Amino acid sequence: MTTTTSQQQLVQFLEDRFTCAQACTDCARACALRASLVDPDATREQELVRRKGIMCAEVCDATCHVLSEQNLLDEAAIRAQLEWCRSVCIECAHAFEAQPGGEATAVACRECARACTDFMATLT
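Residues numbered from 1 in each chain as written. Predicted model: local features only at pLDDT ≥ 70, side-chain atom pairs only at ≥ 80, totals over all residues. Heavy atoms only, no water.

### Some points on helix α2 (residues 44-68)
Between the first and last C-alpha of α2 there are 36 Å, a value that for 25 residues agrees with the 36 Å anticipated at 1.5 Å per step. The set of residues buried in α2 consists of E47, V49, G53, C56, A57, V59, C60, T63, C64, V66 and L67. (Helix = DSSP H or I, 4+ residues; strand = E, 2+ residues; numbered from the N terminus. Expected span 1.5 Å × (residues − 1). Buried < 20%, exposed > 50% of the residue type's maximum accessible area, 1.4 Å probe, protein only.)

### Comments concerning the nonpolar core
Ranked by internal contacts, the top residues of the largest apolar core, which has 33 residues, are C56, C60, L82, C89, C109 and C112. Secondary-structure elements contributing two or more residues to this core are α1 (2-36), α2, α3 (75-97) and α4 (103-122). (Core = buried A, V, L, I, M, F, W, Y, C linked by side-chain atoms within 4.5 Å.)

### Considering the packing of α3 against α4
Running from amino to carboxyl end, α3 crosses α4 at an angle of 155°, the nearest separation of the two axes being 8 Å. With respect to each other, α3 and α4 are oriented roughly antiparallel. For α3 against α4, the interelement crossing comes out left-handed. (Axes fitted to C-alpha atoms, helices over the stretch in contact; angles between N-to-C directions. Parallel < 35°, antiparallel > 145°, perpendicular 65-115°, else oblique. Left-handed = near helix turned anticlockwise from the far one by under 90°.)

### Section: the side chain of Q99
For Q99, the location among the structural elements is in the loop between α3 and α4. A residue is classified by how much of its surface remains accessible, and Q99, at 10% relative accessible area, is buried. In contact with Q99, other than residues within four places in its own chain, are R34, E45, Q46 and V49. (Contact = heavy atoms within 4.5 Å.)

### Details of the packing of α2 against α3
Any two packed helices are characterised by the angle at which their axes cross and by the distance between the axes. Where α2 meets α3, the closest approach of the two axes is 9 Å, and the angle between their N-to-C directions is 150°. Our classification of the angle between α2 and α3 gives roughly antiparallel. By crossing handedness, the relation of α2 to α3 is classed as left-handed. Facing α2, whose interface residues are V49, K52, G53, M55, C56, V59, C60, A62, T63, V66 and L67, α3 presents I78, Q81, L82, W84, C85, V88, C89, E91, C92, A95 and F96. Of the residues in the contact of α2 with α3, the class split is 17 nonpolar, 3 polar and 2 charged. (Nonpolar A, V, L, I, M, F, W, Y, C, P; charged D, E, K, R; others polar.)

### Section: the environment of H94
Counting through the fold element by element, H94 comes out in helix α3. Along the backbone, H94 and G53 are 41 residues apart, and their C-alpha atoms lie at a distance of 11 Å.

Structure below.
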């Protein structure tokens with residue numbers, strides 16, 4: 001019975017890890033696209049939103065790479081990466097939801113933050 005439980009836990013861990021990595025990929029893509037749509041001669045506020053979008057895309061991409069590596073980092077390093085990704089995504093979601101047409105990107109950021117939070121819970 002213990003072997004089955006352990007196998008089920010491992011499968012759940014891998015599924016949650018994949019879900020988080022997929023959410024990071026989706027968020028990175030949405031943020032990069034949204035950032036590319038900002039006018040090069042944008043206002044200071046729009047430029048800040050563009051920079052946050054680029055940073056979010058880079059952090060999400062890095063997080064996806066960490067989660068995709070076969071030789072896992074230690075739990076503390078993974079947790080730190082997930083927490084960084086979560087906080088950047090939340091900040092970016094706030095920035096995008098205030099912009100016309102940025103709602104879908106804000107949703108992708110919030111979904112990624114939620115996936116990171118959920119996956120961190122499995123590391124406990």
